[in-house]
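Given next are the chains, with one letter for each unit.
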Amino acid sequence: MQRKLTVSQLNKYISGVFDDETVLHDVTVCGEVYECKRYGARTFITLREGDCTLSCVSFGALDNISEGMSVDALGTVTFYAGTGKVSFVTERMEPVGKGKLMLELLKLREKLKFEGLFENRPRLPDRINKVALITSEHGAVLHDVVSVVRAKNPYLDLCVCDVRVQGTESAGLIAEAVKNVNTMSDIDAIIIARGGGSAYDLQAYNTETVARAVAYSRIPVVSAVGHETDYTLCDLCASARAGTPSIAADMVCEPVTEKLARLRGLAEKLTVGLSALYFGRERAVIRAATAVVGLSELTVSRRMSGIGFIASKMSDRISGICEKRENELSKLAAMLDRASPFKILSRGYAKICKDGREIVSVRGLSVGDEISVRMADGKINAKVIDNA
């Protein structure tokens, strides 16, 4: 029959197994100090060897231990029933030299330093209008940076490049983001940011891939990785280092009051310059205009006499033409009057029409036809009674 246990029952049993297992007591463990944090009288240490880690705790001060050391730790493996976690409670920890990871990091650091990657980095410009932020869009870093920017300079344009900030792929993604930003023509500065974490969490920023991408960036880079006490190769290759992402945001923000004051000063200088230019041009224009008016008056006076003579000649010629045309019109009017039908009717003649057609011969009429007779002073209707 399958046994059924509660969580507390199982944890107590496991704890008893650990307590009874003598091989887990007073054992010396060799490893490299990957992380070391002190809280009061307690010291919490993470030992690493290859891909394996071990959480250790010391209830006494270990002032001679620091990250990167290779150590021999004497202690006991303990299982805490309340939390279900295993920890190595160390009684004594002795340094035996530098750890492998630390030696590799120091070797890489010297290599990059020899190549000059820590020197001659581009400085942050005095005026920054657009910043690229390379971080995870899911972390608290983005909120911290945006809060500082909104408070200090809401006019700053912030371009967020979302990347993984830890893990095996993070170094390549961060380096690629730096290279992509460098293809943009409107970016004034780059912030590479990540919140605090263990040495393992910050490992991507100690890689040669990220270090070279930052060092080769033509755009100034502000490195804000981890806490103020954390230093990485990314920090050394950057143009500037910020203790926290919020400090980095503050570094690239020109206060709005300073920006407005600078713009106001430029506007005043522009106003003074334009005024001086305007009044100088105005005086020059007045002098030129006066000279033009004087010359024009003289020229017009000379031209007017010539224009008057020409106008007189043209008037005489037009008068002659008009008189000739008036005589010709009078002759035509007289001819038209003589040919007018009303003129003929006034001499006793009449105009005969039948059905709207003019009758010019008696052959066009028959006895009984109704006709209209147009005379000089009116019209009458008649009927043909005889056609002799």
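Higher on the page you've got the structure.
In this text, all values refer to a predicted model and were calculated from it rather than measured experimentally. Sequence order as written defines residue numbering, which begins from 1 separately in each chain. Whole-chain, interface and lining totals are the exception, using all residues; otherwise, since this is a predicted model, local features are given only for residues with pLDDT of at least 70 and side-chain atom pairs are given and counted only at 80 or more. To get the side-chain values, all heavy atoms of the structure are used, and hydrogens and water are removed first.

All right, on to the sheet that holds strand E7 (residues 157–162) then. Here a strand pair is declared whenever DSSP counts at least two bridges between the two strands. Where helices and strands are cited, they refer to DSSP runs of H or I of at least four residues and of E of at least two residues respectively, numbered from the N terminus. Taken together, 5 strands build an open sheet; the order of strands is E7-E6-E8-E9-E10 and the sheet is parallel. On the outer flanks of this sheet lie E7 and strand E10 (240–241), each paired with one strand and no other. Strand direction decides the pairing type here: strand E6 (residues 130–135) and E7, joined by 6 bridges, are parallel. Paired with Leu133 across the bridge in E7 is Val160.

Attention shifts here to helix H3 (residues 140–152). Taking 1.5 Å per residue, 13 residues should reach 18 Å; H3 reaches 19 Å between its end C-alpha atoms and fits that length. A 1.4 Å probe rolled over the protein chains alone gives each residue an accessible area, and that area as a share of the maximum for its type sets the label: buried under 20%, exposed over 50%, partly exposed in between. Of all the positions in H3, only Val141, Leu142, Val145 and Val149 are classed as buried. End-on view of H3: buried residues confined to an arc of 95°, all on one side of the axis. Within H3, the exposed residues directed more than 90 degrees away from the buried face are Ala140, His143, Arg150 and Ala151. Only heavy atoms matter for contacts: two residues are in contact if any of them lie within 4.5 Å across the pair. Taken together, the buried residues of H3 touch E6, E7, strand E8 (189–194) and helix H7 (245–252). Given a helix with a known number of residues, its expected span is that number minus one, times 1.5 Å. The reported arc concerns the directions from the helix axis to the C-beta atoms and nothing else.

Next up on the list: the environment of Val148. You can see Val148 is positioned in helix H3. With 98 residues separating them in the primary sequence, Val148 and Ser246 have C-alpha atoms 6.5 Å apart. The contacts of Val148, once residues within four sequence positions are left out, are Asn153, Ser246, Ala249 and Asp250.

Counting 32 residues, the largest nonpolar core has Ile134, Ile174, Val181, Ile190, Ile192, Tyr205 and Val214 as the members making the most contacts within it. Looking at this core, the elements that each hand over two or more residues are helix H2 (100–114), E6, helix H4 (170–181), E8, helix H5 (208–215), strand E9 (221–225) and helix H6 (233–237). Aside from chain neighbours lying at most four places away, what touches Val181 is Ala132, Ile134, Cys161, Ile187, Ile190 and Ile219. If you look at the next biggest cluster of nonpolar residues, it comprises 19 residues, including Leu142, Ile191, Val222 and Cys253. Only buried residues count toward a nonpolar core. Its members are Ala, Val, Leu, Ile, Met, Phe, Trp, Tyr and Cys residues joined through side-chain atoms within 4.5 Å.

It is worth spelling out the layout of surface pockets at this point. Cavities and pockets were defined on a 1 Å grid built over protein atoms only: a cavity is a set of grid points that admits a 1.4 Å probe from which the probe cannot escape, a pocket is an open set flanked by protein on both sides within 12 Å along at least five of seven lines, and lining residues are those with an atom within 4 Å of any such point. Grid points are joined across faces, edges and corners, and a volume is the space filled by probe spheres set on the points. Estimated volume of the largest pocket: approximately 820 Å³. Together, 28 residues line the largest pocket, and Met102, Leu105, Ala199, Asn206 and Tyr231 are the ones closest to its centre. Looking at the lining of the largest pocket, the elements with two or more residues in it are strand E1 (27–39), H2 and H6. Counting residues per element, the lining of the largest pocket draws most heavily on H2, at 7 residues. Side-chain classes follow a simple rule in which Ala, Val, Leu, Ile, Met, Phe, Trp, Tyr, Cys and Pro form the nonpolar group, Asp, Glu, Lys and Arg form the charged group, and the remainder, Gly included, forms the polar group. A class-by-class count of the residues in the lining of the largest pocket yields 12 nonpolar, 9 polar and 7 charged. Computed from the structure, the second largest pocket encloses a volume of approximately 250 Å³. In this structure, the second largest pocket is lined by 16 residues; those nearest its centre are Phe44, Ser55, Cys56, Val57 and Ser87. Among the secondary structure elements, those contributing two or more residues to the lining of the second largest pocket are E1, strand E2 (42–49), strand E3 (52–58) and strand E5 (85–98). In terms of residue count, E2 provides more of the lining of the second largest pocket than any other element does, 4 residues in total. Each residue belonging to the lining of the second largest pocket can be placed in one class, and the counts come to 8 nonpolar, 4 polar and 4 charged.

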